[in-house]
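Architecture and fold: a report
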Amino acid sequence: MLSSLFRKKSIEKMQADAAAGFSDSHGPSLKKELGVRDLTFMGIAAVIGAGIFSTIGTAAHSGGPGIVFLFFITAVTCGFSALCYAEFASRVPVAGSAYTYAYVSFGEMIAWIIGWALILEYAIGNIVVAISWSGYFNNLLEGFHIYLPSWLATNATAAREGFEEATKALAAGTPMEALSKKARMGYEAINNAPVIGGWKCILNLPAFIIVALITFLAYLGIQESKKGTNAMVIFKIAVILLVIIVGFFYVDTRNWDPFFPHGLTGVLSGVSSVFFAYIGFDAISTTAEECKNPQRDLPRGMVYSLLICTVLYVLIALVLTGMVSYTQLKVDDPLAFVFDQLKLYKIGYLVSVSAVVATTSVLLVFQLGQPRIWMSMSRDGLLPKKFATVHKKFQTPSFATIVTGILVGIPAMFVSSGTMTDLTSIGTLFAFVLVCFGVLALPRLPEEGGRSIFKLPYINGQFILPLLVATMLFFMRDRMGAAIKNLNNEGYQELLFLVFVGLAVVAAIRTYLKKYSLIPVVGGLSCLYLMIEIPAISWTWFFVWMGIGLTIYFLYGRRHSRLASSGE
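Below is a short write-up of the structure. Along every chain, residues carry numbers that run from 1 in the direction the sequence is written. It should be noted that, the model being predicted, local features are given only for residues of pLDDT at least 70 and side-chain atom pairs only at 80 or more, the latter also being counted only at that level, while totals for whole chains, interfaces and linings use all residues. As a rule here, side-chain values come from all non-hydrogen atoms in the structure, and water together with hydrogens is ignored.

Describing the overall build of the protein
Spelled out, the test is: Helix and strand definitions follow DSSP, with helices as H or I runs of at least four residues and strands as E runs of at least two, each counted in order from the N terminus. Each residue gets one of three labels from its accessible area relative to the maximum for its type: buried under 20%, exposed over 50%, partly exposed in between, using a 1.4 Å probe on protein chains only. Surface accessibility in these figures is a Shrake-Rupley result with a 1.4 Å probe; residues are shielded only by whichever protein chains are displayed.
When helices and strands are counted, the protein shows 25 helices and two strands. Out of the 568 residues belonging to the protein, those deemed buried represent 56%. Of the roughly 23100 Å² that the protein leaves accessible, carbon and sulfur atoms contribute 66%.

Below, the structure written as structure tokens:
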């Protein structure tokens, strides 16, 4: 039984299936439409979204101007992962992203786990983005003096929180117009929502509508999605550059002092917010089957998009923290907020328009990514065959696209974002860890004639990694001592840190003995460290999610696997 859990698909078999168009049982293959420019734009579309228009404010409030270094740290971490993704995408040019890569490097059960974790990144992450989109869209409507009923523009949890805030403020004598927008909306929603069967009907209708429209576009085809993505990317980059250029004229360098108001701890506390902004670049790899030349274009698209987005994020962070004090930035729309503070209302309104466009493009890329992962899992027999259905006319994974739309659209009406940002970051980082270490397990294959295959640069980590780990342990010696001392008092967070330290030591020893390549090992350890900075409560829900996934695998996937039926 143990061997069946870790049975692997060969790269040769995957390439043969792709060459045959998967025509044996799944209909036509996906349409090849994407070039390097399209992939770069798709990466930018996924990365420049809710992060730069929303969560960057929370991160800046926690870390101050020093948040720019967290963007560098996160970008380097993602850069290591991107190089590993690039080699996988070049060697295994089929849809499926990290799920497919894990299948050839670690085996079936790990592949299932990573596929299940990617649902956290794409489906649940898109719920957060849809809720963010709804907030910006409501702001735009109000600019035209169009006001949706509050019970149709928020969710029950947010409404209840706002109602409680408003009730306390009103009892203290605060006038209604002086309340926060969340408090006013919650108060109005609770008081005015229609009651159906004893339940107050409070739902976020705009979030559902945008998911439905985006799902329809993704269903129609990759060419239509590509054109829409490219147009939205060009517009939002133009607006961001305008914000940077205009904003620099209003920067007061005194706002950058102190640069690290809460030290390194404050900077690292924004890990979830900042990393949430970067999670989308790996969505490019889900479209490998639709690339004209995946061996050449996928690596370039990943690296180009990551570099462009990092530069934009750093510049935006400097502008934001320079225009106003970092203490004012804990708002849902920080870019629009700073211009409104300076009475530049037209630019603030333009930022709100761009935010709607930006979050729309993120929704589109993620709604493209999730169905292709499910399609790959279905082709392998781990999900019902229906998920692998490809539309004969549009050449898209039609059934999986519709299911994705339902699973994102309906919850987006009712749930609050809450810990979902953290959950999404955990799922993504987990995928990055397995991709980085998975490169080490790839078989060495002779380069095929006439084919350009991206290969990760080999840097012998035999001595470098142990030195890096030893240096890390030296600088973290106080934290290790405190973690051991307070293990019983502070719970899971300190336990996670000690587990990371143990894994780093093991990685250093194995790298010394096996002479592993430095880049994937450092990339994997960097992602692991970012994971332990995420609050422990999110880890609890992550393990619950993994438990549900493993139950489904043992009840269905393991018995229906194509490898099981073929005897491989």
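On we go from here.
Describing a nonpolar patch on the surface
The following threshold applies: Here the term patch refers to residues with relative accessible area over 30% and no salt bridge, with like charges joined within 9 Å and nonpolar side chains (Val, Leu, Ile, Met, Phe, Trp, Tyr) within 5 Å. Criterion for a salt bridge: a side-chain nitrogen of Lys or Arg within 4 Å of a carboxyl oxygen of Asp or Glu.
Where nonpolar side chains cluster on the molecular surface, the patch consists of Ile196, Trp199, Leu205, Phe208, Ile209, Leu213, Ile402, Ile406, Ile410 and Phe414 and spans about 870 Å² of accessible area. With respect to the helices, strands and loops of the structure, Phe414 is situated in helix H17 (residues 398-414). For Phe414, a relative accessible area of 32% gives the class partly exposed.

Section: the nonpolar core
Formally: Note on terminology: a nonpolar core comprises buried Ala, Val, Leu, Ile, Met, Phe, Trp, Tyr and Cys residues joined through side-chain atoms within 4.5 Å. Any two residues whose heavy atoms approach within 4.5 Å at even a single point are treated as in contact.
Ranked by size, the top nonpolar core spans 158 residues in total, and within it Phe71, Tyr99 and Tyr278 carry the most contacts. In terms of residue count, helix H7 (residues 108-143) provides more of this core than any other element does, 21 residues in total. In contact with Tyr278, other than residues within four places in its own chain, are Val47, Phe71, Thr74, Ala75, Cys78, Leu306, Thr310 and Tyr313.

Side note on the packing of aromatic side chains
Aromatic ring pairs are reported here in terms of the distance separating the ring centres and the angle at which the planes meet. For clarity, the threshold we go by: Stacked, edge-to-face and tilted are the three classes for Phe, Tyr and Trp ring pairs, Trp counted by its six-membered ring, which pair at centre distances within 6.5 Å; planes under 30 degrees apart are stacked, over 60 edge-to-face, the rest tilted. Charge over a ring is defined by NZ of Lys or CZ of Arg lying within 6 Å of the ring centre and within 35 degrees of the ring normal.
For the structure shown, the criterion picks out 23 aromatic pairs. Between Tyr85 and Phe432, the ring centres sit 5.7 Å apart and the planes meet at 80°, which makes this aromatic pair edge-to-face. Note that Tyr85 is positioned in helix H5 (residues 67-91) and Phe432 in helix H18 (residues 420-441), a separation of 347 residues in sequence. The buried category is assigned to Tyr85, whose relative accessible area is 0%. What makes Phe432 buried here is its relative accessible area of 0%. The side chain of Arg477 reaches across the aromatic face of Phe474, ending 4.2 Å from its centre.

Quick look at the side chain of Thr310
We count it as follows: For this analysis, a polar contact is any N or O atom pair within 3.5 Å, provided that within protein one partner can donate a hydrogen and the other can accept it, and provided that sequence-adjacent residues contribute only side-chain to side-chain pairs.
Along the polypeptide, Thr310 turns up in helix H14 (residues 294-323). Polar contacts involving the side chain of Thr310 include one to the main-chain carbonyl oxygen of Leu306, which spans 2.8 Å. If we skip the residues at most four places from it in the chain, Thr310 touches Ala75 and Tyr278.

A word on the environment of Ala483
With respect to the element layout, Ala483 can be found in helix H20 (residues 477-485). For the pair Ala483 and Phe497, spaced 14 residues apart in the sequence, the C-alpha separation amounts to 7.7 Å. Discounting residues that sit within four places of it in the chain, Ala483 has contacts with Glu494, Phe497 and Leu498.

Focus on the packing of H5 against helix H23 (residues 518-532)
Quick note on the threshold: Angular values range over 0 to 180 degrees, each being the angle between N-to-C directions of two axes fitted as lines to C-alpha atoms, with helices fitted over their stretch in contact. Put simply, angles under 35 degrees are roughly parallel, angles over 145 are roughly antiparallel, angles from 65 to 115 are roughly perpendicular, and the rest are oblique. Crossing handedness is read from the near helix: turned anticlockwise from the far helix by less than a right angle, it gives a left-handed crossing, and turned clockwise, a right-handed one. Amino acid classes used here: Ala, Val, Leu, Ile, Met, Phe, Trp, Tyr, Cys and Pro are nonpolar; Asp, Glu, Lys and Arg are charged; the rest, including Gly, are polar.
Interaxial distance between H5 and H23 falls to 8 Å at its minimum, and their mutual angle equals 130°. By the angle between their directions, the pair H5 and H23 is classed as oblique. The crossing of H5 and H23 is left-handed. Residues Thr77, Phe80, Ser81, Leu83 and Cys84 of H5 lie in contact with H23, whose contacting residues are Ile519, Pro520, Val522, Gly523, Ser526, Cys527 and Leu530. Considered class by class, the residues forming the contact of H5 with H23 number eight nonpolar, four polar and no charged.

Some points on unusual backbone geometry
Cis geometry is adopted by the peptide bond preceding Pro258, which originates at Asp257 and carries an omega value of 5°. Tracing the chain through its elements places Pro258 in the loop between helix H11 (222-248) and helix H12 (263-268). At Gln395, a position not held by glycine, the phi torsion is positive, near 55°. On the secondary structure map, Gln395 appears in the loop between helix H16 (345-379) and H17. The class for Gln395 is partly exposed, based on a relative accessible area of 22%.

As for the packing of helix H3 (residues 36-47) against H11
At a closest axis distance of 9 Å, the pairing of H3 and H11 adopts a crossing angle of 60°. For the element pair H3 / H11, the angle class is oblique. Between H3 and H11 lies a crossing of left-handed hand. Contact residues: H3 offers Arg37, Asp38, Phe41, Met42, Ile44 and Ala45, while H11 offers Lys226, Thr229, Asn230, Val233, Ile234, Lys236 and Ile237. Across the contact of H3 with H11, the residue classes break down as seven nonpolar, two polar and four charged.

Let's talk about the environment of Ser325
Turning to its location among the elements, Ser325 is positioned in the loop between H14 and helix H15 (334-341). Separated by 13 residues in sequence, Ser325 and Val338 have C-alpha atoms that sit 9.7 Å apart. Here the side chain of Ser325 touches Thr327 through a polar contact of 2.9 Å, side chain to side chain.

A few points about helix H8 (residues 156-171)
Test applied: One fewer than the residue count of a helix, multiplied by 1.5 Å, yields its expected span. The directions considered for the arc run from the helix axis to the C-beta atoms.
When the terminal C-alpha atoms of H8 are compared, their 22 Å separation across 16 residues agrees well with the 22 Å that a helix rising 1.5 Å per residue should span. Among the residues of H8, Ala158, Ala159, Gly162, Ala166 and Ala169 are the ones counted as buried. Down the axis of H8, the buried side of the element spans an arc of 95°, and every buried residue falls inside it. Among the exposed residues of H8, those oriented more than 90 degrees off its buried face are Lys168 and Ala171. On the buried face of H8, the contacting elements are helix H9 (181-192). At the N-terminal end of H8, a side-chain oxygen is found 3.2 Å from the backbone nitrogen of Thr157, two or three residues along, and the residue is Asn155.

Side note on H23
With 15 residues, H23 should reach 21 Å at 1.5 Å per residue; the first-to-last C-alpha distance of 22 Å fits that figure. Most of H23 is tucked away, with 14 of its 15 residues classed as buried.

Functional significance is not addressed by these values, which are geometric in nature.
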